[in-house]
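If you want the building blocks of each chain, they are given just below.
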Amino acid sequence: MGHPLDGTRCGDDLLLRFDAEGLGLHALDEPGAAPLRVDFSAAAIQSRARDALAGQHLSRAVGGGVDVLDATAGLGRDAFLLASIGKRVLLLERDPIVHALLADGLRRGLAAPELAPVIARMELRRMDFRDYDEPRRFDVVCLDPMFPRPGSRARGKKEMVFLQRLLAPRRAGEQTECGFAGESGLLAKARGLARARVVVKRPPREGWIESVKPAFSYRGRTSRYDVYLPL
């Protein structure tokens, strides 16, 4: 059975294709490059899930709360890691292509016996966090306003390069003289929904979201987790 987005063009140089390994985002100008997929069985994420996750910065930042809202889910890796240590995670993703890749990864994960118990704790919705209007509150709200930002150059991880190529043209209008308008209002809304804390993931040297100082932070080599208390 195929996928409704099989063959979808994303700009001039990216193509969604569905095959035996699932839905993948292909770079047409790099025919030899592996496509971007969401694969929760991949060695890198499985290694993090096994390797003392309770002591990693992500889980330390989230703390003891069980009900988590991942308000900007992206490719779902942090949500998967949190579900691996028993958190129940609601994932929101506004971009239709990123959502489709993540939904396909969850579908395949749910069919794998070793992943199914973790995936069962993850619920995905296609939604902009700004449109979330349910009365439900969460122990923790996580925000990762997907970096790199428009105007920056993606380096290193393949997924960041793909995501910049996919999202930067569509989000160029969110870059203003005052900063990244796509982040505006996210922190205040998250603090209004969180019972215990809000966790904002940033590149290590990037400024605080909306220039608001966090209560404390956990800084790693590739990411920083800023922790804010509820309003």
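For the structure itself, consult the block above.
Figured I'd write up the structure that's included with this text. (Residues numbered from 1 in each chain as written. Predicted model: local features only at pLDDT ≥ 70, side-chain atom pairs only at ≥ 80, totals over all residues. Heavy atoms only, no water.)

Quick word on the pairing of strand 3 (residues 22-27)
When you tally the buried positions in strand 3, you get five out of six residues, the bulk of the element. Here strand 2 (residues 14-19) pairs with strand 3 via six bridges, running antiparallel. Directly across from D19, in strand 3, lies its bridge partner G22. Where strand 2 folds back on strand 3, the antiparallel hairpin that results is connected by two residues. (Buried < 20%, exposed > 50% of the residue type's maximum accessible area, 1.4 Å probe, protein only. Helix = DSSP H or I, 4+ residues; strand = E, 2+ residues; numbered from the N terminus. Pairing = 2+ DSSP bridges.)

Observations concerning the sheet that holds strand 12 (residues 224-228)
Taken together, seven strands build an open sheet; the order of strands is 6-5-4-7-10-12-11 and the sheet is mixed. What marks the edges here is a single partner per strand, and that holds for strand 6 (122-126) and strand 11 (216-219). When strand polarity is set aside, the average angle formed by the axes of neighbouring strands in this sheet is 20°. Bridge count for strand 5 (residues 88-93) against strand 6 is five bridges, and the pairing is parallel. From the neighbouring strand, L90 faces strand 6, where its bridge partner is E123. Here helix 3 (residues 77-84) sits on the sheet and contacts strand 4 (67-70), strand 5, strand 6, strand 7 (138-143), strand 10 (194-202) and strand 12; the angle it forms with strand 5, its principal contact strand, is near 170°. (Axes fitted to C-alpha atoms, helices over the stretch in contact; angles between N-to-C directions. Contact = heavy atoms within 4.5 Å.)

Remarks on the side chain of K201
On the secondary structure map, K201 appears in strand 10. Of note is the side chain of K201, whose polar atom sits 3.1 Å from the side chain of D78. With sequence-adjacent residues up to four places away left out, K201 is seen in contact with D78, L143, D144, P145, S223, R224 and Y225. (Polar contact = N/O pair within 3.5 Å; in protein donor to acceptor, adjacent residues only side chain to side chain.)

Focus: the side chain of D67
Secondary-structure assignment places D67 in strand 4. Contact partners of D67, with chain neighbours within four places excluded, come to R88, R136, F138, D139, V140 and R195.

Nothing here speaks to function; it is all geometry.
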